[in-house]
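Secondary and tertiary structure notes
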Amino acid sequence: MLRGLYTAAAGMMAQQQRHDTITNNISNLNTPGYKQKDAVTHSFPDMLLHLTGTKDAGGQAIGKLSTGVFAEESLQINQQGDLMQTNRFSDFAIVSDIEVPGVHFDSSGKSVGADGQIVFQPQAFFTVQNTNGETRYTRDGQFKLDSEGFLTLPDGSRVLDSSGQPFQLPADMSFNALTLTKDNRLVDPLTGKSAGKLLMTRVDNPNDLVREGDGKFKLGPDVTTGVRELDATDRVEVRQGYVERSNVDATQSMVDLMAASRAYEANQKVIQFFDKSLDKAVNEIGKV
């Protein structure tokens with residue numbers, strides 16, 4: 001009986017985390033470049049049940065019994081978000097469809113091989129430097145120019161150029177007159193003078209990134225490979241005058257939210273049932 005109580009309690013905790021993940025996605029519906037997260041649940045180690053057999057025949061396996069569930073992790077869905085045209089010269093959006101030879105990715109950016117090996121589609125990011133001087137990655141391309149001529153994000157993080165330094169506009173150039181070229185350079189179309197090239201980073205496994213907030217990511221502590229500057233062979237385009245919208249599906253998120261709430265309530269009722277059964281066992285049967 002207690003096993004069922006623990007199983008229902010584990011289910012409630014898993015659904016609570018699922019609920020929190022979905023509400024976080026919904027709250028970021030209007031966050032440029034936000035990538036949806038999905039909660040992943042797994043069962044506790046299975047317990048095998050065996051029939052009691054003779055000494056010679058041995059036991060016969062009849063199945064397995066799950067002893068509960070837990071929310072193991074939240075995986076990021078790196079599906080391309082829709083582009084919204086803003087016509088602002090300071091807005092930029094990434095369109096990324098990087099290929100890996102011999103690998104076909106599904107709509108979520110994942111491929112499962114015949115041997116069960118999972119490969120995630122590489123993704124492209126703007127490269128920025130936060131206020132502490134640390135390198136971060138983002139899909140948020142809502143840039144602006146600060147008083148010193150540096151290209152920044154709204155939170156003050158500075159966009160990096162191809163040399164790895166903060167992108168600073170020359171004093172004799174106007175930001176609203178610059179046009180982005182195919183090789184990600186900001187140039188004056190009248191004079192042909194270049195203000196610099198945006199540093200675009202390719203991350204081979206986007207799950208190596210740790211979500212930090214404000215639309216920025218950092219590399220995991222053990223990541224030493226699989227991160228480099230984009231080259232001409234990568235199928236990535238940066239469009240000026242657009243922003244990438246969040247890839248959260250609002251309708252599906254509401255359905256998932258209701259499903260998590262109903263599953264939580266169902267486990268809650270199971271716990272109430274076990275509580276009443278234990279109460280009867282202790283206070284009524286125990287008196288006999």
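Throughout this document, residue positions are counted from 1 along each chain, in the order its sequence is written. For a predicted model such as this one, the threshold for reporting local features is a pLDDT of at least 70, and the threshold for listing and counting side-chain atom pairs is 80 or more; totals across whole chains, interfaces and linings nevertheless cover every residue. Only hydrogens and water are set aside when side-chain values are computed; all heavy atoms of the structure are taken into account.

Going by an unreviewed UniProt entry, the protein chain carries the name Flagellar hook-basal body protein and comes from Paenibacillus albus. UniProt positions are given in the numbering used here, feature names are shortened, and annotations may be inferred rather than shown by experiment. In the Sequence similarities (unreviewed entry) part of its UniProt record, the protein chain is described as follows: "Belongs to the flagella basal body rod proteins family."

The subject of this paragraph is the nonpolar core. For the purposes of this section, nonpolar cores are sets of buried Ala, Val, Leu, Ile, Met, Phe, Trp, Tyr and Cys residues that join through side-chain atoms within 4.5 Å. To sort residues, take the accessible area from a 1.4 Å probe on protein chains only and compare it with the maximum for the residue type: under 20% means buried, over 50% means exposed, and anything in between is partly exposed. By size, the foremost hydrophobic cluster in this structure holds 23 residues, and its most contacted members are Phe92, Phe126, Leu151, Leu186 and Leu198. Put simply, DSSP marks the helices as runs of H or I at least four residues long and the strands as runs of E at least two long, and each gets a number from the N terminus on. With three residues, the single largest contributor to this core is strand β9 (residues 123–129). Within the second largest apolar cluster, five residues are counted, among which are Phe125, Tyr137, Val203 and Phe217.

Expected helix span is taken as 1.5 Å per residue step, with the number of steps being one fewer than the number of residues. Here helix α2 (residues 250–283) spans 49 Å end to end across 34 residues, near enough to the 50 Å set by a 1.5 Å rise per residue. Buried within α2 we find Ser253, Leu257, Ala260, Asn267 and Phe274. A 3.5 Å cut-off defines polar contacts: any pair of N or O atoms within that distance qualifies, except that in protein one atom must be a possible hydrogen donor and the other a possible acceptor, and neighbouring residues in sequence count only when both atoms are side-chain atoms. Put simply, aspartate 249 is the residue that caps the front of α2, since its side-chain oxygen is 3.1 Å from the backbone nitrogen of threonine 251.

Okay, unusual backbone geometry next. In this structure, asparagine 87 takes a positive phi of about 60° despite not being glycine. Inspection of the secondary structure assignment puts asparagine 87 in the loop between β5 (83–85) and β6 (92–96). By relative accessible area, asparagine 87 is classed as exposed at 61%. Look at asparagine 184: it is not a glycine, yet its phi comes out positive at around 70°. Of note, asparagine 184 is situated in the loop between β14 (179–180) and β15 (185–187). On the basis of relative accessibility, which here comes to 11%, the residue asparagine 184 falls in the buried class.

Turning our attention to the side chain of asparagine 25. Of note, asparagine 25 is situated in helix α1 (residues 2–27). Residue contacts follow a heavy-atom distance rule, with two residues in contact if any of their heavy atoms lie within 4.5 Å. Ignoring sequence-local partners within four residues, the contact set of asparagine 25 consists of Tyr34, Gln36, Lys37 and Val248.

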